[in-house]
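Take a look at the letters that make up each chain.
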Amino acid sequence: MRDRLSTEQLAKFKRGHDVGILAQKLFPGGVDLSPESPLKYDKAIQQTAKHIKKKTPVIFEAAFQYNGVLAALDILVFKENGWYAYEVKSSLSISHTFLLDASLQYYVIRNSGVELKEFNIIYVNESYVKNDNLELSLLFNIENVTTQVRNNEEFVNSKVEIFKKVVSGYKEPDIDIGEHCDIPYTCDYKGYCWNKIPAKGSVFSLDKLSKKERFELYKYSLVKINSIPDSYPLSNEVRFQINLYKKKKIWNDDLKFAQFISRVKYPVCIIHIAVNNPAIPLFPGNRPYQQLPFAAGILYQKSENDKPKYSYFIDEPINDPTFHCLEFLTEHSTGSKSIIVFSDIKEWSCFDCIHTISDKKEILNNIKEKTINLYEPFTNLYHYNPKIGFDYKIENIIKSISENGLSRTIIKNDTELSDAYAQLRTDTDIFRISEIKANIEDYIKVATDYDYQILKYLESKLE
Ligand code: SF4
């Protein structure tokens, strides 16, 4: 019943694990009690108890159990006057969810017999800038949240009792789907609970509806777009989207679509950039989660019917690629009147860090001024195609408009692409490195071609 973990979720877990391992270095010489598998926590609990008895100064992955609840703690430290708990988060701030996690850990640890002097959360310092070496004491913030987790004790206690009843029951709880399915994280059972919602044509596919409005309609059993009565109060924008859906044919907002296409001036450059944003800064001058444009593809087309010329860039993973990537873009886009991208996030944000350097700033502004984002006509509803619907993911658009459908590549998505870059930095086998580089190149080439296909598709739809 449980959903398989997505590549994105696995990448998130790996990032959390990597940051946790790095934070352990703040407390050198610790004993690592990580179990070999999640099924072997019993042994970790026993070992933790032994080390606590011995007052081992630093324990990594200490495990505790109380009242049927298991808690693992990243770092437990014994100082002169008692035990100090540290939980590591790879985020840039402490969320309410983290405080609740910490409150549960505190509840289990304290009630299992270990009195904690302090409970701390270690998280990544957003304003840290890397020097030649990582300075861990500056990279991480350590915040004492003991008061908050103590104040939550009653709340945790009551919730534990409720959840114990839920997991020991024979029937699944009678709770319908709702906004809670994605708060604070997407639930692992979404595939099971949501399979009653049609993949296409449901109110959940209307991106102009707020989440709240979608569930209001659902509450009235108005799940299919076609079932929404004309009298139901909705904004003009949503009503417009519903009408488009009901038309079931290709439609253009003649004026806005024509204005959009008229901005495309030849020669054009279609650009696709691969970005990696590591939690831990890789190169001097980098901040945590700074975007690094490590590879790029460019298709240069002189005029509408000319054969486009492809160029490719990948930087060696020993350098900050930002400047080299910008140089590549500048060199290969010279002479182009329009720069074409397809992106649902702010274009060129990966170059934000060089805004302060005046000559680069000018180059970047020049690129920005010429940029046309092909995402715009879809999301602003200048153009509608029932095959695409309102799902503007690039794969869905290509599947809907291309005769050949999607191309097969070893790397399947941007998360895997980012992982491949991380592997390039750590792998030492030259054959493996060249294989990874070839996989990245394949992926970028296909992605750039997808952007080109979308441009050609949109141009062909101008009547
Ligand atoms: S209703 Fe939502 S939150 Fe509850 S189990 Fe199903 S998907 Fe998860």
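None of the values given here were measured: they were computed from a predicted structure.

Reading the values: the criteria
- Residues numbered from 1 in each chain as written.
- Predicted model: local features only at pLDDT ≥ 70, side-chain atom pairs only at ≥ 80, totals over all residues.
- Near = placed C-beta within 6 Å.
- Nonpolar A, V, L, I, M, F, W, Y, C, P; charged D, E, K, R; others polar.
- Pairing = 2+ DSSP bridges.
- Helix = DSSP H or I, 4+ residues; strand = E, 2+ residues; numbered from the N terminus.
- Axes fitted to C-alpha atoms, helices over the stretch in contact; angles between N-to-C directions.
- Buried ≥ 20, exposed ≤ 12 C-beta atoms within 10 Å, placed from the backbone.
- Core = buried A, V, L, I, M, F, W, Y, C linked by C-beta atoms within 7 Å.
- Contact = placed C-beta atoms within 7 Å.
- Domains from an automatic or database assignment.
- Expected span 1.5 Å × (residues − 1).
- Arc of directions from axis to C-beta.

A. Layout of the site of the ligand. Taken together, Ile175, Ile177, His180, Cys181, Cys187, Tyr189, Lys190 and Cys193 form the complete shell of residues around the ligand. Residues that form the shell around the ligand fall into these classes: six nonpolar, one polar and one charged.

B. Examining the sheet that holds strand E12 (residues 371-373) more closely. Taken together, the five strands give an open sheet; going across it, the order is E10-E9-E8-E11-E12, and neighbouring strands pair in mixed fashion. Every interior strand has two partners, whereas the edge strands, strand E10 (309-314) and E12, have only one. Strand-to-strand twist across the sheet, computed as the mean angle between neighbouring axes with direction ignored, equals 25 degrees. Two elements, strand E8 (residues 268-276) and strand E11 (residues 338-341), share three bridges in a ladder whose sense is parallel. Bridging across to E11, Cys269 finds its partner in Ile339.

C. Main features of the environment of Ile121. The topology assignment puts Ile121 in strand E5 (residues 116-124). Take Ile121: there are 25 C-beta atoms within 10 Å of it, and that puts it in the buried class. Sequence separation of Ile121 and Pro284 is 163 residues, and the distance between their C-alpha atoms is 26 Å.

D. Up close: the nonpolar core. Of all hydrophobic cores here, the largest spans 47 residues; its most connected members are Ile270, Ile271, Ala274, Ala295, Ala296, Ile340 and Ile440. Of all the secondary-structure elements, those providing two or more residues to this core are E8, strand E9 (292-301), E10, helix H11 (322-333), E11, helix H14 (394-401), helix H15 (414-426) and helix H16 (430-460). Looking at which element gives the most residues to this core, the answer is H16, with ten residues. The residues touching Ile270, leaving out its near neighbours within four places in the chain, are Ile298, Leu299, Ile340, Thr448, Asp451, Tyr452 and Leu455.

E. Representation of unusual backbone geometry within the structure. The linkage connecting Ile183 with the following residue, Pro184, adopts the cis geometry, with an omega of -5 degrees. Mapped onto the fold, Pro184 is located in the loop between helix H6 (153-168) and helix H7 (190-193). Residue Pro267 follows Tyr266 across a cis peptide bond; omega there is 0 degrees. Note on placement: Pro267 falls in the loop between helix H10 (254-262) and E8. In this structure, Tyr289 is a non-glycine residue whose phi angle is positive, near 65 degrees.

F. Spotlight on the pairing of E8. Extensive coverage of E8 is indicated by the burial of nine of its nine residues. Where E8 and E9 come together, nine bridges link them in antiparallel fashion. Within the sheet, the bridge partner assigned to His272 lies in E9 and is Gly297.

G. View of the domain arrangement of the chain. In terms of domain boundaries, the chain breaks down into domain 1 (7-161), domain 2 (179-248) and domain 3 (257-460). Once you take the C-alpha centre of each, domain 1 and domain 2 turn out to be 40 Å apart.

H. H15, seen in detail. Over its 13 residues, H15 extends 19 Å from the first C-alpha to the last, a length consistent with the 18 Å expected when each residue adds 1.5 Å. Those residues of H15 that sit buried are Leu417, Ser418, Ala420, Tyr421 and Leu424. All buried residues of H15 fall inside an arc of 155 degrees around its axis, so they share one side. The inward-facing, buried residues of H15 abut E8, E9 and H16.

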